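# Summary of structural features
As a plain string of letters, each chain reads:
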Amino acid sequence: MRNVWTIASREYRHYFLSPVAYIVAFLILMLAGTLFVFQIQRTQSYIYQGYYPPAPTAASSVINPTAFMMLFAAPALTMRLLSEEHRSGTIELLLTAPVKDWELVVGKWLGAFLYMLTVFVITLIIPIVLNRLVEPGIDVKATLAGYIGLILLTAAFLAIGTAFSAMFNNQFASFFATLIMIVILWWMAAWPANAIQNAASFFNYLHAYAHFDSMVKGSIALKDIVYFLSLTVIGLFVGTTAIEIRRWQ
C-alpha cells in the first residue's frame, strides 16, 4: 500500500498545480453557491409577500448540482492520469519500476478522489449555514445520506475515467469516452427498460441517477451502495487490465 499512497500523494499535489483542477473546483463551488443564494433570496421574497414556504429539509441545493457537475468534472480530472504517461513515454519507466499495475491505477484514482473530497469539504459550508438559517434546522440524516451518495458517485465516475485514461494515449479521446459512458449511465441506462419489458429490472438497476436520487432523499439501501462500489471496482479492474496489456505489448 506504500506505493499506492506515494502515487496518490503525488497526484493529489499535482492537482493544486493544474489549471483544470482549479477550474473544476471553481465551477462546482460557484454553481452550488449561486443556487444556494437564489434559494435564500426566493425564500425571503416569499416571506415579504406573506407566504412562508417550508424550510428545506436537506442540503440538496449543493448536493444535486455538484453531482451534475461530476458528469463533466470526472472526465476532466482523469483524462490525463494515464494518457499523459502514455503520450510522454513515462509509462515505460513506471512499468519497469517496482510498482504493480493495480497499485499504479489505484494510486492515480485515489489522488483524484482525494482532491474531490477536498472540494466536498469546502461545500459543507453551505449546509452548516443553511442549518443556522432555517428552523428547526435541516435534516442532518438526509444531508449525510446525500453526501454519502455524492462520494460514492464520485468514486465510481473517477474509476471509469481512470479506466479510459489507461486505454487511450490521447487525453481528449479519454475525456469524451468517459463523458459518453457517464452520460449513458446517468441518463440513458433506463431507456431500454420501456422497450424490453423482460429486462426492465436490469436496465433500471444500471441507472446511476436512480441510485443517487434515492440516497439524496435520505434512503441508504444496500443495493445503491453495491452499485456504486461495483462500478468503482470494475473501473479500476478494467484500468489495471489495460495497463497489463500494454506491459506485454
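Structural notes, computed from the coordinates. Values in this document were obtained by computation on a predicted structure and should not be read as measured data.

### Re helix H3 (residues 60-78)
Taking 1.5 Å per residue as the helical rise, H3 with its 19 residues ought to reach 27 Å, and the 26 Å between its terminal C-alpha atoms agrees with that figure. Of all bends in H3, the biggest is about 40°, found at Leu-71, and the proline Pro-75 comes one to four residues later. Judged by how many residues are buried, H3 sits mostly within the fold: 15 of 19 residues are covered.

### Considering the pattern of salt bridges
Throughout the structure, instances matching the rule amount to four salt bridges. The partner of Glu-11 in a salt bridge is Arg-10, and the shortest N-O contact between them spans 3.3 Å. The shortest N-O distance in the salt bridge between Arg-80 and Glu-11 comes to 3.3 Å. Separated by 69 residues along the polypeptide, Arg-80 in the loop between H3 and helix H4 (83-88) and Glu-11 in helix H1 (residues 2-15) bring together distant segments of the chain. Relative accessible area serves as the criterion here: at 16%, Arg-80 is assigned to the buried category.

### Remarks on helix H12 (residues 208-216)
Those residues of H12 lying buried are Ala-208, His-211, Phe-212, Asp-213, Met-215 and Val-216. After H12 finishes, the residue Gly-218 shows a positive phi value of roughly 100°.

About the cut-offs
Residues numbered from 1 in each chain as written. Predicted model: local features only at pLDDT ≥ 70, side-chain atom pairs only at ≥ 80, totals over all residues. Heavy atoms only, no water. Helix = DSSP H or I, 4+ residues; strand = E, 2+ residues; numbered from the N terminus. Expected span 1.5 Å × (residues − 1). Bend = angle between axes of the 7 residues up to and from the residue. Buried < 20%, exposed > 50% of the residue type's maximum accessible area, 1.4 Å probe, protein only. Salt bridge = Lys/Arg side-chain N within 4 Å of Asp/Glu carboxyl O.

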